[in-house]
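A closer look at the structure
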Amino acid sequence: MKLVNKNNMTLSENNEDPICNDLTEIVKEFKKSIITEETEEKSPVKSPIICKKNLITLLMILLSIFAFFGFKKIKPVRVTNLTIDKLWQYKTLSAIFSTPAIADINNDNVNDVLINSTDGKLYSIDGKKGERLFFFETGKPILSSPVVLERSEKEKWIILAGKGKKIYAINKDNRCMWATIRQNLDSPVISTPVLSMINNDGIPDIIIAATDGKIYAFDGDRGWLIWKSGDTVGEFFSTPLPIKINNDEVADIIIGSPENKIYGIDGKTGLKIWERSVYGPVNSSPVYFNDKIIFIGDEKGILYKINIETGNALSQISLGAPIISTPAMINIQGKPLLTVPLKDGTIKAVNPKDLNITWEFDTKYQDPFLASPAVFDLNRDGAEDIVITSRNGYLYLINGKNGRNLMKPYFTGSSISSSPVLADINNDGFLDVVFGSESGYLFAFTIKTVPDKIIEQNKIVYGTFLNRKNESH
């Protein structure tokens with residue numbers, strides 16, 4: 001007899017596992033009791049002793065099965081081999097700097113890929129076929145990434161902003177549900193919008209930083225201006241981080257400025273809570289650590305550990321090269337580790353508690369990292385790994401434990417500034433990686449894993465820029 005557990009591991013009767021042996025013996029005894037009962041002389045009334053014995057035996061079997069499948073912890077099968085196959089590519093008319101967003105916009109149970117291009121269009125692409133579903137024309141280049149606003153389980157809007165001094169909300173039918181007016185936003189946008197509950201109407205609202213040095217909050221339902229920040233400066237490239245600073249019911253904002261500043265902004269009013277000067281321009285976005293601490297890096301190569309309530313730097317470390325991309329916090333078997341990509345083609349893993357460097361990865365080609373990493377446990381060793389693209393056109397899969405390549409870097413043939421997102425976009429149960437390129441191509445690759453698949457079918461694991469959620473931490 002063969003038993004198959006919930007991880008599809010087959011166990012034979014002669015397995016050395018004592019639970020298996022006990023369960024096998026119980027099954028044999030139960031079969032024997034049934035056979036004995038059937039061979040006895042039939043009577044109008046069954047023996048209560050035999051019935052009771054069988055019930056007890058059956059109960060023991062059920063309890064043993066539950067113990068085996070419910071309590072026995074079986075480690076997941078380690079992935080022994082990774083390969084990358086191109087799934088599809090789609091050509092836009094100009095360079096792509098934005099990061100894709102993944103969502104089932106049209107409710108067909110297939111994940112769609114949304115991407116902004118400098119040709120001024122938002123594209124919606126079928127994840128399985130790589131074919132265009134529609135495009136929305138803005139007329140001006142778009143550098144920021146699209147964001148999906150979920151109004152309900154079945155209704156999703158795509159939020160996009162660009163150099164056209166407008167923010168748009170687009171539905172699944174390519175219809176513009178609203179657009180901001182020039183009186184409310186008279187400045188191009190490079191930074192990616194984020195979503196946060198501000199006016200408590202049940203619909204996430206939109207926070208965006210513009211090139212006029214101001215931060216804006218718009219109503220997610222109608223596009224009306226809620227507030228505009230006052231005394232902030234800089235052509236913002238950094239994406240805001242919604243996080244509670246002053247402990248009221250509305251998430252506040254922390255953002256870096258190219259004018260060597262970090263700001264804490266009140267989420268209700270847009271007023272400045274605190275301002276801190278740093279050594280270099282800040283175009284990288286803040287990284288959440290806990291409810292008291294965030295991390296942020298500047299172009300002087302300094303990583304800062306910041307107290308959320310005051311903005312004071314608790315500690316800092318120089319990493320030796322400019323920090324352009326946003327670092328990623330990964331989980332190493334329950335312990336946090338901050339991975340920081342640098343412009344010189346290295347990644348340094350920093351212990352967030354003492355800022356000691358745990359490991360360093362080097363491309364050896366000074367291959368600059370401008371994109372931000374996505375994270376996932378690719379080899380099923382209990383530690384999140386890093387998926388990142390480089391300016392020289394490589395896709396890297398890096399072991400989160402030791403900073404080594406999980407496989408040979410994959411050359412795409414095109415310069416890349418777009419950050420990768422991770423999902424199963426074609427419903428085959430394998431993890432797919434999607435990103436744009438400066439040659440105008442949107443690429444989709446599949447990570448094939450042996451001996452087993454590593455995600456649930458159709459799952460989105462890292463579906464938008466920095467994997468930002470609809471609400472604050």
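Scroll up to find the structure.
Source: prediction; values computed, not measured.

**Considering the overall build of the chain**
Helix and strand counts for the chain stand at two helices and 35 strands. Here the chain holds 473 residues, and the buried ones make up 55% of them. Restricting to contacts in the chain with at least 6 residues of sequence separation, those with at least 24 account for 49%. Surface accessibility of the chain: about 21100 Å² in total, with carbon and sulfur atoms responsible for 50%.

**Quick notes on the packing of aromatic side chains**
Per the counting criterion, the structure on display carries 14 aromatic pairs. Ring centres of Phe 361 and Tyr 396 lie 5.6 Å apart, and the angle between their planes is 75°; on these two criteria the pair is classed as edge-to-face. Taken together, the residues Phe 361 in strand S27 (residues 357–362) and Tyr 396 in strand S30 (residues 394–398) connect sequence positions 35 residues apart. Across this residue pair, the class does not change: Phe 361 and Tyr 396 are buried.

**Digging into empty space enclosed by the protein**
Considering all chains together, one arrives at one cavity of 30 Å³ or more under this definition. Within this model, the largest cavity holds a volume of roughly 40 Å³. As for the largest cavity, its lining consists of Thr 138, Lys 140, Ile 142, Leu 160, Ala 161, Gly 162, Lys 163, Gly 164, Lys 166 and Tyr 168. The class makeup of the residues in the lining of the largest cavity is four nonpolar, three polar and three charged.

**With respect to the environment of Ser 414**
With respect to the element layout, Ser 414 can be found in the loop between strand S31 (410–411) and strand S32 (421–423). On the basis of relative accessibility, which here comes to 8%, the residue Ser 414 falls in the buried class. As a C-alpha pair, Ser 414 and Tyr 394 span 20 residues in sequence and 8.2 Å in three-dimensional space. When sequence neighbours within four positions are dropped, the list of residues in contact with Ser 414 reads Asn 392, Gly 393, Ser 437, Glu 438, Ser 439 and Phe 443.

**Some thoughts on the sheet that holds strand S24 (residues 328–332)**
One open sheet accounts for four strands, arranged S24-S25-S26-S27; its pairing is antiparallel. With partners counted over all chains shown, the strands left at the sheet margins are S24 and S27, one partner each. Ignoring strand direction, the axes of neighbouring strands in this sheet form an average angle of 25°. Here strand S25 (residues 335–341) pairs with strand S26 (residues 346–350) via four bridges, running antiparallel. Its bridge partner being in S26, Val 340 is matched across the sheet by Lys 348.

Criteria and cut-off values
- Residue numbers here run from 1 along each chain, matching the order of that chain's written sequence.
- A pLDDT threshold of at least 70 governs which residues receive local features in this predicted model, and a stricter bar of 80 or more applies before side-chain atom pairs are shown or counted, although totals over entire chains, interfaces and linings include all residues.
- Values reported for side chains reflect all heavy atoms of the structure, with hydrogen atoms and water molecules removed beforehand.
- Segments assigned H or I by DSSP are reported as helices when at least four residues long, segments assigned E as strands when at least two residues long, and all are numbered from the N terminus.
- With a 1.4 Å probe rolled over the protein chains alone, any residue whose accessible area is under 20% of its type maximum counts as buried; one over 50% counts as exposed, and the rest are partly exposed.
- In this analysis, two residues are considered to be in contact whenever any of their non-hydrogen atoms come within 4.5 Å of each other.
- Only the protein chains shown count as cover for residues, and all accessible areas are computed by the Shrake-Rupley method using a 1.4 Å probe.
- For Phe, Tyr and Trp, rings pair up if their centres lie within 6.5 Å, where Trp contributes its six-membered ring, and each pair is then called stacked (planes under 30 degrees apart), edge-to-face (over 60) or tilted (otherwise).
- With a 1 Å grid spanning the protein atoms alone, the term cavity applies to any set of points in which a 1.4 Å probe fits but cannot get out, the term pocket to an open set with protein on both sides within 12 Å along at least five of seven lines, and the term lining residue to any residue with an atom within 4 Å of a point.
- Grid points are joined across faces, edges and corners, and a volume is the space filled by probe spheres set on the points.
- When residue character is reported, Ala, Val, Leu, Ile, Met, Phe, Trp, Tyr, Cys and Pro are called nonpolar, Asp, Glu, Lys and Arg charged, and the others, Gly included, polar.
- A strand pair is defined by DSSP finding two or more bridges across the two strands.
- Only the contacting stretch of a helix is used when fitting its axis, a line to C-alpha atoms as for every element, and angles between N-to-C directions run 0 to 180 degrees.

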